[in-house]
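Secondary and tertiary structure notes
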Amino acid sequence: MENRQPQKIKLKADGALDVPETPIIPFIEGDGIGRDIWPATRLVLDKAIEAAYGGRRRIEWHELLVGEKGFHETGEWLSEEALAAIQDHVVAIKGPMTTPIGTGIRSLNVAIRQKLDLYACVRPVRYIHPVPSPMKSPEKIDMVVFRENTEDLYAGIEWQAGSDEARKVIDFLNTQMGTELSGMTGIGIKPISEKNTKRLVAMAIAYAVEQGRSSVTLMHKGNIMKFTEGAFSRWGYEVARERFAEQTLTEADLYDQHGGRRPEGKVVIKDRIADMLFQQVLLRPDEFDVIATPNLNGDYISDALAAQVGGLGMAPGANIGDTCAVFEATHGTAPKYAGLDKVNPSSLILSGAMMLDHMGWKESADKVRRALQATVKDGIVTYDLARQIQGAKEVKCSAFAKAITEHL
């Protein structure tokens, strides 16, 4: 076989990826259980690529020292060099990250998203049989959440009650804006902008169009927060009209002009109040397909949907911007299980499959998903699922990954 020289993925002028046969992809092992689930994930991805392409393609992995490993080896939790490497290589994957105490970094995950402008947190939620679920019909759940990643309350603009900064803001609001806030009030600012809303919703609609999805639901609490979450909904409808007029129609038009029957190839744009949507994804999950949402709502709904299909251990995720993307496990670091070769690596494995899709290597991505599902169906699972599936065989994290490769 010809030895193909490893190369970086390049971004074309139209935003598409130019992926070589042997791309160099940075990875961050992650903290805590990252040391267990990353090797398992790497094994599955490498074997799936080999099975799909017969050795013509492979990934040259490049480790970035970020998180606890980075701090211990370089003295930095998140270096500028690591961020530049992700930007330069266009695609990266990471395990779960801890939140360093007393460093001024609120969250490494949030810092990576904001510094690289990875404005869309994309979370597919789909049931894998026979994972235990609290739902009567979990097979009806097949949604993709597009969560705005850079603003809302997660912008971190807040001041502690009693601080000089909080007092200044309170004094301004009380004297200039007519509020009557107590002096001992914590203050947080909730920015939601037209630019960031429209680019997020545009990505969600483009995905729905490309993937043949039926609808995009704008999730918001605009009945109360009219000028932030209400604006999110309004701007979402605007960008659908401005950029996707031929491919979309509103829910109102669906019923007024088409008797409630969706025309072939059209994506329905609709909106739901956040608390109502939480009810409806439980009661009528098959009515929702793609969900676009501000940051805080997206955090809630994506984890709640993951619980409906078996929990965060089975939930993949990605943070995507216009110039680069980072694929990640959606759960925490679970330090008490670190190094025990015990936990479920499915979240990171499925995130790796998303990464392969993003690269255009769909054949290998499909192999990963099918092999993982076949392994679970055979009852070969890690402890979290074994205790819930009657007759299942409990195996270690590494053995679960090996079983997946045998199903490829």
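Quick look at the structure, then. (Residues numbered from 1 in each chain as written. Predicted model: local features only at pLDDT ≥ 70, side-chain atom pairs only at ≥ 80, totals over all residues. Heavy atoms only, no water.)

On to the overall build of the chain, then. In terms of regular secondary structure, the chain is built from 14 helices and 17 strands. Based on the C-alpha atoms only, the size of the chain along its principal axes is roughly 70 × 60 × 50 Å. When burial is assessed residue by residue, the chain has 53% of its 408 residues classed as buried. Counting contacts in the chain only where the partners sit at least 6 residues apart, residues at least 24 apart contribute 72% of the total. When the accessible surface of the chain is split by element, carbon and sulfur atoms take 49% of a total near 18900 Å². The centroid of the 49 positive side-chain charges in the chain is displaced by 4 Å from the centroid of its 55 negative side-chain charges. (Helix = DSSP H or I, 4+ residues; strand = E, 2+ residues; numbered from the N terminus. Buried < 20%, exposed > 50% of the residue type's maximum accessible area, 1.4 Å probe, protein only. Contact = heavy atoms within 4.5 Å. Areas by Shrake-Rupley, 256 points an atom, 1.4 Å probe, with all protein chains shown as cover. Lys, Arg positive; Asp, Glu negative; His and termini not counted. Charge placed at Lys NZ, Arg CZ, Asp CG, Glu CD.)

Before going further, it helps to spend a moment on the packing of helix H12 (residues 362-377) against helix H14 (residues 397-406). Orientation of H12 relative to H14, taken along the N-to-C sense of each, is 115°, at an axis distance of 8 Å. The angle between H12 and H14 places the two elements in the roughly perpendicular class. Crossing angle aside, the handedness with which H12 passes H14 is right-handed. Of H14, the residues touching H12 (which contributes Ala371, Leu372, Thr375 and Val376) are Phe400, Ala403 and Ile404. (Axes fitted to C-alpha atoms, helices over the stretch in contact; angles between N-to-C directions. Parallel < 35°, antiparallel > 145°, perpendicular 65-115°, else oblique. Left-handed = near helix turned anticlockwise from the far one by under 90°.)

Enumeration over the complete set of coordinates arrives at seven aromatic pairs. Arranged with centres 4.7 Å apart and planes meeting at 15°, the rings of phenylalanine 27 and tryptophan 38 form a pair that is stacked. In this pair, phenylalanine 27 is assigned in strand E3 (residues 24-28) and tryptophan 38 in helix H1 (residues 34-53), connecting sequence segments 11 residues apart. Centre to centre, the rings of tryptophan 38 and tryptophan 61 are 5.1 Å apart; their planes meet at 80°, and the pair counts as edge-to-face. Pair noted here: tryptophan 38 is in helix H1 and tryptophan 61 is in strand E4 (residues 60-63), with a separation of 23 residues, a long-range link. With respect to class, tryptophan 38 is no different from tryptophan 61; both count as buried. (Phe/Tyr/Trp six-rings, centres within 6.5 Å; stacked < 30°, edge-to-face > 60°.)

This part covers the nonpolar core. Soluble, globular proteins show a tendency: their nonpolar side chains are buried together. Counting residues in each nonpolar core, the largest one holds 94 residues, and the members touching the most others are Trp61, Ile93, Val216, Met355, Leu356 and Leu372. Not counting residues within four places of it along the chain, the set of residues in contact with leucine 372 comprises Ile128, Met314, Ser346, Ile349, Leu350, Phe400 and Ile404. Among the nonpolar cores identified, the runner-up in size contains 18 residues, and Trp77, Ile86, Leu118 and Val326 belong to it. (Core = buried A, V, L, I, M, F, W, Y, C linked by side-chain atoms within 4.5 Å.)

What follows covers the packing of helix H11 (residues 346-359) against H12. Contact pair H11 / H12: the axes reach a minimum separation of 7 Å and the direction vectors enclose 155°. Put simply, H11 runs roughly antiparallel to H12. The two elements H11 and H12 cross, and the hand of that crossing is left-handed. Together, Ser346, Ile349, Leu350, Ala353, Met354, Leu356 and Asp357 of H11 and Lys362, Ser364, Ala365, Val368, Arg369 and Leu372 of H12 make up the contact between the two elements. Taken together, the residues of the contact of H11 with H12 break down into eight nonpolar, two polar and three charged. (Nonpolar A, V, L, I, M, F, W, Y, C, P; charged D, E, K, R; others polar.)

This part takes up the pairing of E3. Here E3 lies mainly inside the structure; five of its five residues are buried. The alternating pattern of E3 places Ile24, Pro26 and Ile28 and Ile25 and Phe27 on opposite faces, both of which are buried. Sheet topology note: the E3/E4 ladder contains four bridges and is parallel. By the bridge assignment for E4, phenylalanine 27 is matched with glutamate 63. Handedness of the crossover joining E3 and E4 through H1: right-handed. Note that E3 and strand E5 (residues 91-94) share two bridges and pair parallel. When the sheet's bridge partners are listed, phenylalanine 27 is paired in E5 with isoleucine 93. (Pairing = 2+ DSSP bridges. Right-handed = clockwise from strand over helix to strand, strands pointing away.)

The 11 strands lie next to each other as E4-E3-E5-E15-E14-E6-E7-E13-E10-E12-E11, forming an open sheet whose pairing is mixed. Each having just a single partner strand, E4 and strand E11 (248-250) make up the two edges of the open sheet. Sheet twist, expressed as the mean angle between neighbouring strand axes with direction ignored, is 25°. Most of the contacts of helix H4 (residues 108-115) go to strand E15 (residues 325-329), to which it runs at about 165°, and overall it touches E3, E5, strand E7 (142-148), strand E14 (316-320) and E15. The sheet strands contacting helix H7 (residues 229-243) are strand E10 (215-220), E11, strand E12 (267-273) and strand E13 (290-293), and the helix crosses E10 at an angle near 160°.

Further remarks concern the side chain of asparagine 319. Tracing the chain through its elements places asparagine 319 in strand E14. Asparagine 319 gets classed as buried once you look at its relative accessible area, which sits at 2%. Within polar-contact distance, the side chain of asparagine 319 engages the side chain of asparagine 149 at 2.8 Å. Within the structure, asparagine 319 has its side chain in polar contact with the side chain of glutamate 328 (distance 2.9 Å). (Polar contact = N/O pair within 3.5 Å; in protein donor to acceptor, adjacent residues only side chain to side chain.)

This part takes up the side chain of threonine 248. Mapping threonine 248 onto the fold places it in strand E11. A distance of 2.8 Å separates a polar side-chain atom of threonine 248 from the backbone oxygen of phenylalanine 244. Not counting chain neighbours up to four residues away, the residues in contact with threonine 248 comprise Ile205, Ala240, Lys266, Val267 and Ile269.

Below, the discussion takes up the pattern of salt bridges. If you walk through the whole model with that rule in mind, you get 28 salt bridges. Residues arginine 272 and glutamate 251 are paired through a salt bridge, measuring 2.9 Å at the closest nitrogen-oxygen approach. Residue arginine 272 is located in strand E12, and its partner glutamate 251 is located in helix H8 (residues 251-258); the two are separated by 21 residues in the primary sequence. Overall, arginine 272 belongs to the buried group, its relative accessible area being 12%. With relative accessibility at 22%, the residue glutamate 251 sits in the partly exposed group. The structure contains a network of salt bridges with shared partners spanning Arg126, Asp142, Arg213 and Asp289. (Salt bridge = Lys/Arg side-chain N within 4 Å of Asp/Glu carboxyl O.)

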